[in-house]
Amino acid sequence: MGEILIAVLIISGLGLVFGIGLSYASRVFAVKIDERVVQIREVLPGANCGACGFTGCDGYAGAIVEGRAPTNACPVGGSAVAEKVAAIMGVEPEGVKRTAARVLCNGRCSVSKEKYEYQGIDSCAAAAQLYAGHKACAYGCLGHGDCLKACPFDAIVMVGGIARIVEDRCKACGKCVLACPKNLIEIIDKTKKYSVMCRSRDKGAVTRSNCQVGCIGCTRCVKACPQQAIFMEGTLARINYDKCDNCGECTKVCPTMAIRVMDFGE
Amino acid sequence: MLESILITFLSAVFINNFVVVKFLGICPFLGVSKKINTAVGMGVAVIFVMTFSSAATWAVQEFLLKPLDLEYLQTIAFILVIAALVQLVEMVLQKTSQALYKALGVYLPLITTNCAVLGVCLLNLEIQGEARFLMSVLNGAFSGVGFTLAIVLFAGIRERLETADIPKCLEGFPISLISASLVSLAFLGFQGLIN
């Protein structure tokens, strides 16, 4: 009987000592966390997408409190979250520019040519390794959906063999921008409707033979734009979105319809 | 002395490797070996905990259980000691070294009751001769190194399995188990290295 008692006492004694020790240690080694970090963390959407430029919502919350980050850097939460964060930090709320990703290629299967028949791994990155991809145009969307797989918000769909962004769902986190081996995706202000839907750097004649809707560098849009918002980069027209006022003159003169309105709702 | 340390090292890492020869700690070996990064994290955490718990359980055994003739309580007492120790280590790390705390992350509490950790503490008791404390701690550390070696090797194999052409019926866990057995067979080659 005595032996059992001793055994029980020893084990429960050990447990008690460790318990007291741990509770004491938790006081001594308590790490002070700024309350605001916890509050901001709760307000943030928790997608941990990294679009703010920090390692995740935790990293961003810490950075705001330390003054290393603006209160409006979360594109997922938008202005609603920015207001709450600003309230917690006790500063004036700043507006959030509504941006979305845009795939700058219009070369659907029906209007663009193929270089060869690709039968490898179903991935743009893999296809791009093989003679710059199976598209005749070395700059075009390969359509294997690497961006679609990367998107945490289901905002990308494949239409006619190329990727398209559903802007209503896009949170501009930039995951697809990194995933695209052809660098076709840009984060653009949502209110700007017109984009040059081509990234081809080939000469006009080459572009035209590869794809019916590519930018052939005719510079008509540059002349037509009343805001002088369009400029040429080699043989490719580009829009300066700071100047663009959505007048749509460019799309009227474009012979290949490379400048298009991107309206792709749900 | 140096010789016995070397023998302990070879024994713990290769000849009596905890995972692939003694088959302890199989759960994290299969569970956390999908990527080399996480495998390394797990391995470092195991080295950490094995070393500290070897020291702590040696003290409990020597100063508490032995004098009272309560050696049969080893298992339960050691589990208690290891669990408390891991909690304490976690708190201290969080306070003193944020970087290490974040690097070990979830793996530290995860291995609290890993049977490999308990196993190394129990097997340490078999060590005879002088400097038993030092040898126990070294055996703990080296066993952790052996665990890390095995899990990182296995993670490398599993990363390759991802893209390998595997028959449909063997995809996933079956092929992992087969590869684990092959790794284990390979380690059996170290048997008889030291006479």
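Residues numbered from 1 in each chain as written. Chains lettered and ligands numbered in written order. Predicted model: local features only at pLDDT ≥ 70, side-chain atom pairs only at ≥ 80, totals over all residues. Heavy atoms only, no water.

Draft legend 1. Expanded view of the overall build of chain B. Counting its secondary structure elements, chain B contains nine helices and zero strands. Its helices and strands taken in sequence order, chain B reads α-α-α-α-α-α-α-α-α from the N to the C terminus. Taking all 195 residues of chain B together, 45% fall into the buried category. Surface accessibility of chain B: about 9,900 Å² in total, with carbon and sulfur atoms responsible for 68%. (Helix = DSSP H or I, 4+ residues; strand = E, 2+ residues; numbered from the N terminus. Buried < 20%, exposed > 50% of the residue type's maximum accessible area, 1.4 Å probe, protein only. Areas by Shrake-Rupley, 256 points an atom, 1.4 Å probe, with all protein chains shown as cover.)

Draft legend 2. Representation of the interface of chain B and chain A within the structure. Every contact between the two is made by 17 residues of chain B and, on the other side, 15 residues of chain A. Roughly 1,400 Å² is buried in total at the junction of chain B and chain A, and carbon and sulfur atoms are behind 88% of that figure. The largest share of the area that chain B buries against chain A comes from B:L80, B:M91 and B:K95, three residues that together contribute 33% of it. The tally of links from chain B across to chain A stands at zero salt bridges. Here chain B is connected to chain A by zero residue pairs in polar contact (both at pLDDT 80 or more). Ranked by the residues each element gives to the side of chain B that touches chain A, the list is headed by helix α4 (residues 74–96) of chain B, at 11 residues. Within the side of chain B that touches chain A, the residues separate by chemical class into 13 nonpolar, three polar and one charged. (Contact = heavy atoms within 4.5 Å. Buried area = accessible area lost by both parts, 1.4 Å probe. Salt bridge = Lys/Arg side-chain N within 4 Å of Asp/Glu carboxyl O. Polar contact = N/O pair within 3.5 Å; in protein donor to acceptor, adjacent residues only side chain to side chain. Nonpolar A, V, L, I, M, F, W, Y, C, P; charged D, E, K, R; others polar.)

Draft legend 3. View of the confidence of the model for chain B. Residue-level pLDDT values for chain B average 86, and 99% of them are 70 or greater. Scoring of the predicted complex yields 0.56 for pTM and 0.73 for ipTM. (pLDDT = per-residue confidence, 0-100.)

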